[in-house]
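Descriptive analysis of the structure
Below, each chain spelled out in residue letters.
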Amino acid sequence: MSDGKTTNINIGGGTIGGLQIGDGNTQSNTQHFGKPEATIPAVFDAVKESLQELPEAGRDEFVNEVVEPLRLMANLPIAQQQERTTLEKAQALFERLSPFAPTINKAVLAFGEASLSALASNNPIVSGLLATVKAIKG
């Protein structure tokens, strides 16, 4: 276009919905393919979010004493996660989570069974967390 003009290309009003290219327009494209990916941060964020039923006065303390230590353990190298002392500490924390197991289970199932299973197969702490919340039916 040697005359210095730009051309808008409008990709019509159907499912794409008026995307314009040119003249400094900004485009964004968001795609959602099924369930979100289960990652250690995402799983523990879901656990934390699921605890909104706790009284506000004790919620932060519970998260700091139970959820965050488990999150830190889940980020340790696998060899450290498998150490007896780490597993014992984790088990004690899982027991503290057990009253909230049905709610936590619903929150983490948003990731989908296959995604959770893949993450748990490589992470003893995540595996223990999932086993705890699945074992207690609410």
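Residues numbered from 1 in each chain as written. Predicted model: local features only at pLDDT ≥ 70, side-chain atom pairs only at ≥ 80, totals over all residues. Heavy atoms only, no water.

Another aspect to go through is the overall build of the protein. Helix and strand counts for the protein come out as seven helices and two strands. For the protein, the sequential pattern of α-helices and β-strands runs β-β-α-α-α-α-α-α-α. Here the protein, with 138 residues, has 30% of them falling under the buried criterion. Of the contacts formed within the protein by residues at least 6 apart in sequence, a portion of 62% connects residues at least 24 apart. Only carbon and sulfur atoms are counted for the fraction: they give 54% of the accessible area of the protein, which is about 8,800 Å². (Helix = DSSP H or I, 4+ residues; strand = E, 2+ residues; numbered from the N terminus. Buried < 20%, exposed > 50% of the residue type's maximum accessible area, 1.4 Å probe, protein only. Contact = heavy atoms within 4.5 Å. Areas by Shrake-Rupley, 256 points an atom, 1.4 Å probe, with all protein chains shown as cover.)

The full count for this structure, using the stated rule, is five salt bridges. Glu68 serves as the salt-bridge partner of Arg71, at 3.1 Å between the closest nitrogen and oxygen. On the criterion of helical spacing, the pair formed by Arg71 and Glu68 is a turn pair, its members being three residues apart in helix α2 (residues 56–74). For Glu68, a relative accessible area of 22% corresponds to the partly exposed category. Because the salt bridges share partners, they merge into one network encompassing Asp45, Glu68 and Arg71. (Salt bridge = Lys/Arg side-chain N within 4 Å of Asp/Glu carboxyl O.)

With that settled, the discussion passes to helix α1 (residues 40–50). Those residues of α1 that sit buried are Ile40, Val43, Phe44, Ala46, Val47 and Ser50. Buried positions in α1, seen along its axis, are confined to an arc of 150° and lie on one side of it. Buried-residue contacts for α1 involve α2, α5 (101–108), α6 (113–121) and α7 (124–135). At the N-terminal boundary of α1, the capping side chain belongs to Thr39, with an oxygen 3.2 Å from the backbone nitrogen of Ala42. (Arc of directions from axis to C-beta. Polar contact = N/O pair within 3.5 Å; in protein donor to acceptor, adjacent residues only side chain to side chain.)

With that out of the way, let us pick up α5. For α5, every residue scored as buried is listed here: Ala101, Ile104, Asn105 and Val108. Each buried residue of α5 lies within a common arc of 105° when the element is viewed along its axis, so the set occupies one face. Where α5 is buried, its residues meet α1, α4 (84–97), α6 and α7.

On to the packing of α1 against α7. Look at α1 against α7: their axes get within 12 Å of each other, and the N-to-C directions meet at 30°. Overall, the two elements α1 and α7 adopt an arrangement that is roughly parallel. For the element pair α1 and α7, the recorded crossing hand is left-handed. Residues Ile40, Val43, Phe44 and Val47 of α1 pack against Ile125, Val126 and Leu129 of α7. (Axes fitted to C-alpha atoms, helices over the stretch in contact; angles between N-to-C directions. Parallel < 35°, antiparallel > 145°, perpendicular 65-115°, else oblique. Left-handed = near helix turned anticlockwise from the far one by under 90°.)

In this section: the confidence of the model for the protein. Low pLDDT marks stretches whose predicted atomic positions should not be read closely. Chain-level pLDDT for the protein is 80 on average; 72% of the residues reach the 70-or-more range. Contacts for the low-pLDDT stretch residues 8–22, under 50 throughout, to residues beyond four places or in other chains number 23 contacts. Counted against residues more than four places away or in other chains, residues 27–33, with its pLDDT under 50, gives three contacts. (pLDDT = per-residue confidence, 0-100.)

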